[in-house]
Amino acid sequence: MGDLLLVRHGETEWSRSGKHTGSSDIPLTDTGREQARRLAPLVASHRIAKAFVSPLQRARETALLAGVPDAQVEEDLREWDYGGYEGVTTHEIHRTRPDWFLFTDGVAAGPPEHPGESPEEVGDRAERMLAKIDAALADSEGSVVVFSHGHFLRVLTARRLGLPARDGALFQLGTGTFSRLSTEHRRHVVAGWNVRPSS
């Protein structure tokens, strides 16, 4: 079976300032575009059987600039729905909820179109996505690459390793980075994490 390759999109204005960016369709900065271009050799060093991408433009542009223009759009790869915390920084949230932690507490309720998700709900999306990834891996000898978002990819990784969604907290993930989940003795393992391409 091939590997599962994870790419977090490049920098945006909101990721740079620490704002929670879920449903807001924020574009890449010039730095983010350069980060995406630098990912291309890393992605190309693997035999890619299938590519999936979040529908949000920051992920789609990262896939394009990283040399994967034909990635299949998957709604389940969207970032965590932050509900009432969309566009708000952790520092700002801590002013009224000093002990708040996303991976255990979830988010404040938002508007009907973006009500927010609990860690378990994000974990359920990750499980659905992993089923699609496993089907693609079973059909080919290559690897699967996904272009998505920081918090979602952290939950996806936790679930891949058999951990609860809240343990996504253990996997820090920067913008414009490449990670690889593989297998060892038929068990899922982290083979490379949070790799920034050399300039």
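Refer to the preceding data block for the structure.
First things first, this report covers the structure right here in the doc. (Residues numbered from 1 in each chain as written. Predicted model: local features only at pLDDT ≥ 70, side-chain atom pairs only at ≥ 80, totals over all residues. Heavy atoms only, no water.)

Phi at His185 takes a positive value of approximately 50°, unusual for a residue other than glycine. Here His185 is to be found in the loop between strand S5 (178-184) and strand S6 (187-195). Located in the positive-phi region is Asn194, a residue other than glycine, with phi close to 55°. Examined against the element boundaries, Asn194 turns out to sit in strand S6. On the basis of relative accessibility, which here comes to 25%, the residue Asn194 falls in the partly exposed class. (Helix = DSSP H or I, 4+ residues; strand = E, 2+ residues; numbered from the N terminus. Buried < 20%, exposed > 50% of the residue type's maximum accessible area, 1.4 Å probe, protein only.)

Taken as a whole and judged by the stated rule, the model has 4 aromatic pairs. Between Trp80 and Phe103, the aromatic rings sit 5.7 Å apart at their centres with planes inclined by 85°, giving edge-to-face as the arrangement. Separated by 23 residues along the polypeptide, Trp80 in the loop between strand S3 (72-73) and helix H4 (90-94) and Phe103 in helix H5 (residues 102-105) bring together distant segments of the chain. The exposure classification of Trp80 matches that of Phe103, with both residues buried. Within the aromatic cluster, the residues linked to one another by ring pairs are Trp80, Phe101 and Phe103. (Phe/Tyr/Trp six-rings, centres within 6.5 Å; stacked < 30°, edge-to-face > 60°.)

Moving on, we get to the nonpolar core. In this structure, Leu4, Phe52, Trp80, Ile133, Val144, Val146 and Leu156 are the most contacted members of the largest nonpolar core, which totals 28 residues. Apart from the residues within four sequence positions on either side, Val144 is in contact with Asp3, Leu4, Leu5, Lys50, Phe52, Ile133, Ala136 and Leu137. Core analysis: the next-biggest nonpolar cluster, separate from the first, contains 14 residues, Leu39, Val43, Ala59 and Ala63 among them. (Core = buried A, V, L, I, M, F, W, Y, C linked by side-chain atoms within 4.5 Å. Contact = heavy atoms within 4.5 Å.)

Attention now goes to the sheet that holds strand S1 (residues 4-8). A sheet is described by the order of its strands in space; here 6 strands give the open sequence S3-S2-S4-S1-S5-S6, paired in mixed fashion. Of all the strands in the sheet, the pair left with one neighbour each is S3 and S6. In this structure, S5 lies alongside S6, joined through 6 bridges in antiparallel fashion. Paired with Glu184 across the two strands is Arg187, which belongs to S6. Contacts from helix H7 (residues 150-160) reach S1, strand S4 (143-148), S5 and S6 within the one sheet, and its direction differs from that of S1 by about 160°. (Pairing = 2+ DSSP bridges. Axes fitted to C-alpha atoms, helices over the stretch in contact; angles between N-to-C directions.)

If the charged atoms of two oppositely charged side chains come close together, the side chains can form a pair. Counted under the stated rule, the structure contains 15 salt bridges. With a closest N to O distance of 2.8 Å, Arg180 and Asp3 form a salt bridge. Remark: Asp3 occurs in the segment before S1 and Arg180 occurs in strand S5; sequence separation between them is 177 residues. Note on Arg180: relative accessible area 25%, which makes it partly exposed. Between Lys132 and Glu74 there is a salt bridge whose closest N-O contact spans 2.7 Å. Residue Lys132 is located in helix H6 (residues 119-138), and its partner Glu74 is located in the loop between S3 and H4; the two are separated by 58 residues in the primary sequence. Taken together, the salt bridges that share partners define one network made up of Glu74, Asp76, Arg128 and Lys132. (Salt bridge = Lys/Arg side-chain N within 4 Å of Asp/Glu carboxyl O.)

A few words now on empty space enclosed by the protein. For the structure shown, the criterion picks out 1 cavity of 30 Å³ or more. Empty space within the largest cavity amounts to approximately 40 Å³. Taken together, Gly2, Asp3, Leu4, Leu137, Arg160, Leu181, Ser182, Thr183 and His188 make up the lining of the largest cavity. By residue number, the principal contributor to the lining of the largest cavity is S5, which donates 3 residues. (1 Å grid on protein atoms, 1.4 Å probe; cavity = no way out; pocket = protein on both sides within 12 Å on 5 of 7 lines; lining within 4 Å. Points joined across faces, edges and corners; volume = space filled by probe spheres on them.)

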